[in-house]
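Understanding the architecture of this molecule
Single-letter residue listing:
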Amino acid sequence: MTDAAETPGGESYLAAISGIVADVEDVERRMAAVQIAQLRTLAAAGRLAEEQGAYPNAKVTLHDMVLRSISAEVAGAMRTTDRTVQRRIGEARVTIEGFPAAVAAWESGRIVRGHVKAIVETGVNLPAELWAEFEAIAIERCEGQTPNRVRGELEILAHRMHPRSFAERHEEAAAGRCVRLIPGRDGMSDLIATLPTVIAEGIHDRLTQQARAIIDTREECATGSDVVATDARTTDQVRADVLADLLLAGTPALDDTRDTTAGPLGAIRARVQVLVPAATLTGADDGPCDLAGRSPIDPATVRTLAGDTGVWERLFHDPTTGVTVATDSYRVPSGMRRFLQARDQRCRFPGCRVAAIRCEVDHTHDHALGGKTELSNLAHLCQRHHSMKQFTAWKVRRLQGGVLEWTSPLGRTYREDAPTPAVAFTPATTHPAPF
């Protein structure tokens, strides 16, 4: 028999987990210190190369040769290639010299390495004179959020701050759309398509819906029968197979759900959720719009989507926090679920960024225990975290303002705010009329 103290939730178990978490925190602090020290050392190597190559009348190639030589020297100590070291020296200089406040915030524990990487990679596309302003705002937005979740917001912030309009820059970038084939190992290759974000998102969503339809049908057929299912493909494998079928045959060839000539998979259409400021919709503003908290998309694409859609919701944001507090539609209101999709945008478990349109609506206070089906008691959770809430010792309670407070089995609490829309209305600046 197993002692109760050794089972999940028992004192011995909780003590062991507590010790592991404490050790992880200590290791993370020490790793951060080492990583920052390495960045500073590499940046110093880059500055040395610049100083040595800065002689009067020196040719441009002199600096490059010095940098190559130093990179080769450092590469010997790091047991890597000089090209890798030269690239890392450049990245280190941008981080240490261009975004010092982000490094300081990392060093103090306010943010982590992933945040710094997101800040640098999104901010570096701005003119250098705007880096400090962008950096200060970005650090505040990173605190309390995971790097992958906040990255889309930082991208839109950088686009908003850029002196050139997003529409203009997107038009230039879209000219580089392409499909590339990269040979791999063991008879495999990577087919990479560089496309406008909303198109890529739609393609992935449609493939996911079709893959799930095939898997659900496979599981239904296997249930209650003595026949062993021969199709054991994962969702990723089915998604890849459907993509190949669509490109080569124009319709899914391996359609286990087919009951008509075309097959029901062909009727599945992509879904994307876009937040659009009214000013952008009317053409008064050319700033980026938000693809459900994931990444910015260009205004021209949004206006095209708006002209074809039959589903509209108008969002009202709190002028102070930017949090969505109400919604309606141009047509019949689409109801509570669409309001929650607009409010939550993604799974409401800390750090998760699965889009709300692919999540389940959960009663924070269990319906079976008296919880009401109302906006103040509902939130989106992906299947993984919905199950974890039901079957593990993780607990959640709702605070004011749409805030969820999660408590781990160790008693640690994690605050999960309702996401702030990356696009929102801003008050117009009024000037007194001249006398």
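Read on for an overview of the structure. Just so we're clear, the structure is a prediction, and the values are computed from it rather than from any experiment. Sequence order as written defines residue numbering, which begins from 1 separately in each chain. Side-chain atom pairs in this predicted model are given and counted only at pLDDT of 80 or more, local residue features only at pLDDT of at least 70, and totals for whole chains, interfaces and linings cover all residues. Side-chain calculation: all heavy atoms of the structure are included, whereas hydrogens and water are not.

What follows is about the sheet that holds strand β9 (residues 395-398). A pair of strands counts as paired when DSSP detects no fewer than two bridges linking them. Helix numbers and strand numbers start at the N terminus; a helix is a DSSP run of H or I with at least 4 residues, a strand a run of E with at least 2. Within the open sheet, the three strands sit side by side as β9-β10-β11. Their pairing is antiparallel. Strands at the two margins of the open sheet, each flanked by one partner only, are β9 and β11 (413-416). Along the sheet, successive strands turn relative to each other by an average axial angle of 20°, direction set aside. As defined by bridge partners, strand β10 (residues 404-407) adjoins β11 across four bridges and the pair is classed as antiparallel. Paired with L404 across the two strands is E416, which belongs to β11. Whenever a helix is involved, its axis is fitted only over the stretch in contact; in every case the axis is a line through C-alpha atoms, and angles between N-to-C directions fall within 0 to 180 degrees.

The backbone phi angle of R79 is positive, close to 60°, even though this residue is not glycine. In this structure, R79 sits in the loop between α2 (60-78) and α3 (82-98). For Q345, which is not glycine, the phi dihedral falls at a positive 65°. Take Q345: it is sitting in the loop between α13 (336-344) and β7 (360-363).

Every case where a carboxyl oxygen of Asp or Glu lies within 4 Å of a side-chain nitrogen of Lys or Arg is listed as a salt bridge. By the definition in use, this model includes 25 salt bridges. The partner of R151 in a salt bridge is E155, with the nearest N and O atoms 3.6 Å apart. With R151 and E155 both in helix α7 (residues 147-161), this residue pair falls four residues apart, about one helical turn. Accessible area is worked out with a 1.4 Å probe on protein chains only. A residue is then buried under 20% of its type maximum, exposed over 50%, and partly exposed in between. The class for R151 is partly exposed, based on a relative accessible area of 27%. When the shortest N-O distance is used, the salt bridge between R233 and D241 registers 2.8 Å. On the basis of relative accessibility, which here comes to 16%, the residue R233 falls in the buried class.

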